[in-house]
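Residue-level structural notes
The primary structure of each chain is shown beneath.
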Amino acid sequence: MSTSTSEVGHAINVANFNTLITYCTGYGAVYNPAIDVIKLPQLQTKYNLAKQKLNQAEVKKALLNTAVNERIEAFAGLEILCTKVTNAFAVSGASATDVKDLQTINKKIQGSEKKKTKILKDGEGEGISTSQQSYDSKINFFINFIQFLETKPFYKPNEEELKIPALQAKLAIMETKNAAYDEALFNYNQELNGRNDEMYNPTTGLVQVSKDVKKYAKSIFGASSPQFKQLNQLEFKVIKSKIR
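Rules used throughout
Residues numbered from 1 in each chain as written. Predicted model: local features only at pLDDT ≥ 70, side-chain atom pairs only at ≥ 80, totals over all residues. Heavy atoms only, no water. Phe/Tyr/Trp six-rings, centres within 6.5 Å; stacked < 30°, edge-to-face > 60°. Helix = DSSP H or I, 4+ residues; strand = E, 2+ residues; numbered from the N terminus. Buried < 20%, exposed > 50% of the residue type's maximum accessible area, 1.4 Å probe, protein only. Lys NZ or Arg CZ within 6 Å of the ring centre and 35° of its normal. Expected span 1.5 Å × (residues − 1). Contact = heavy atoms within 4.5 Å. Core = buried A, V, L, I, M, F, W, Y, C linked by side-chain atoms within 4.5 Å. Axes fitted to C-alpha atoms, helices over the stretch in contact; angles between N-to-C directions. Parallel < 35°, antiparallel > 145°, perpendicular 65-115°, else oblique. Left-handed = near helix turned anticlockwise from the far one by under 90°. Nonpolar A, V, L, I, M, F, W, Y, C, P; charged D, E, K, R; others polar.

1. Focus: the packing of aromatic side chains
- Applying the stated criterion across every chain, the model contains eight aromatic pairs.
- Seen from their ring centres, Phe75 and Tyr135 are 4.9 Å apart, and the 90° between their planes marks the pair as edge-to-face. Of this pair, Phe75 sits in helix H2 (residues 40-75) while Tyr135 sits in helix H5 (residues 132-150), placing them 60 residues apart in sequence.
- For Phe75, a relative accessible area of 6% puts it in the buried group.
- Measuring from ring centre to ring centre gives 6.0 Å for Phe89 and Tyr155, while their planes differ by 50°; the resulting arrangement is tilted. One end of the pair, Phe89, is in helix H3 (residues 78-90); the other, Tyr155, is in the loop between H5 and helix H6 (164-200), with 66 residues separating them in the sequence.
- We classify Phe89 as buried; its relative accessible area is 0%.
- Here a set of aromatic residues connected by ring pairs shows up, and it is made of Phe89, Phe148, Phe154 and Tyr155.
- Lying across the ring of Tyr135, Arg71 places its NZ or CZ 3.4 Å from the centre.

2. Let's talk about helix H7 (residues 206-221)
- Taking 1.5 Å per residue as the helical rise, H7 with its 16 residues ought to reach 22 Å, and the 22 Å between its terminal C-alpha atoms agrees with that figure.
- Buried residues of H7: Leu206, Val207, Gln208, Val209, Ser210, Val213, Lys214, Tyr216 and Ala217, and no others.
- A positive backbone phi angle near 100° is found at Gly222, which sits one or two residues after H7.

3. Points about the environment of Ala57
- Within the secondary structure, Ala57 is located in helix H2.
- When its relative accessible area of 1% is taken as the criterion, Ala57 is described as buried.
- Counting along the chain gives 139 residues from Ala57 to Asn196, while the straight-line C-alpha distance between them is 10.0 Å.
- In contact with Ala57, not counting residues within four places along its chain, are Tyr188, Glu191, Leu192 and Arg195.

4. A word on the nonpolar core
- Ranked by size, the top nonpolar core spans 26 residues in total, and within it Val85, Phe89, Phe142, Phe145, Leu149, Tyr155 and Leu167 carry the most contacts.
- Of all the elements in the fold, those that place two or more residues in this core are H2, H3, helix H4 (96-111), H5 and H6.
- Counting residues per element, this core draws most heavily on H5, which supplies seven residues.
- Those residues in contact with Phe89, other than ones at most four positions away along the chain, are Ala94, Asp98, Val99, Leu102, Phe148, Leu149, Lys152, Phe154 and Tyr155.
- One finds Val207, Val209, Leu231 and Ile239 within the second-largest nonpolar core, a separate group that totals 25 residues.

5. Describing the packing of H3 against H5
- Closest axis-to-axis distance for the H3/H5 pair is 12 Å, and the angle between their directions is 20°. On the basis of the axis angle, H3 is roughly parallel to H5. In this structure, H3 meets H5 at a crossing whose hand is left-handed. Across from Leu78, Glu79, Cys82, Val85, Thr86 and Phe89 in H3, the residues of H5 making contact are Lys138, Phe142, Phe145, Phe148 and Leu149.
- Across the contact of H3 with H5, the residue classes tally to eight nonpolar, one polar and two charged.

Okay, structure coming up:
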């Protein structure tokens, strides 16, 4: 799995915050803010929570990538399979009208989505290019495909993969993996929201707290002091990411 610019940015924010705590600790008793949020124990708690949220989001992203790959595998070969079935149906004694009707359903399966899945653009899933709707459509069209065949008792191919039970088994796997993807996507999105709040909340987030620490240091040491310059060189950027 590649490491994106945004992923690095989140990690840098957390790492820099840890450095900020180290600097503030080194100032000794001089660093004695009146507000709790920028006191050393609270800063350490903020760091621990942000790091935890960052790690949890990465775990959920890994699970989402697994769900993505498993869904792709489950849907693989569907178009070829349905074309084989359609051709077998055409020589099973079906009428021209029945053949045409099945061909129509097959065309929907073939054309419901041709784009390749681009799942985690920039590491966060902002640009999921293959819509969930396309997978749902394939499932619905495949259900119609199987239901049509079930009404035609003369369709009795000898090839196991073309038989209706095999098609039903394929459908069951597709539905299971599609549902697993939905769940993984939801869980990942929830973790992103939690991480974003912990790190980028405009009032209580890690980035805002770092700004408050710098303001306090500026007030007690002065803008030209080495202490303030030391803190001020630490960069913190707001990098919100949310699956759309």
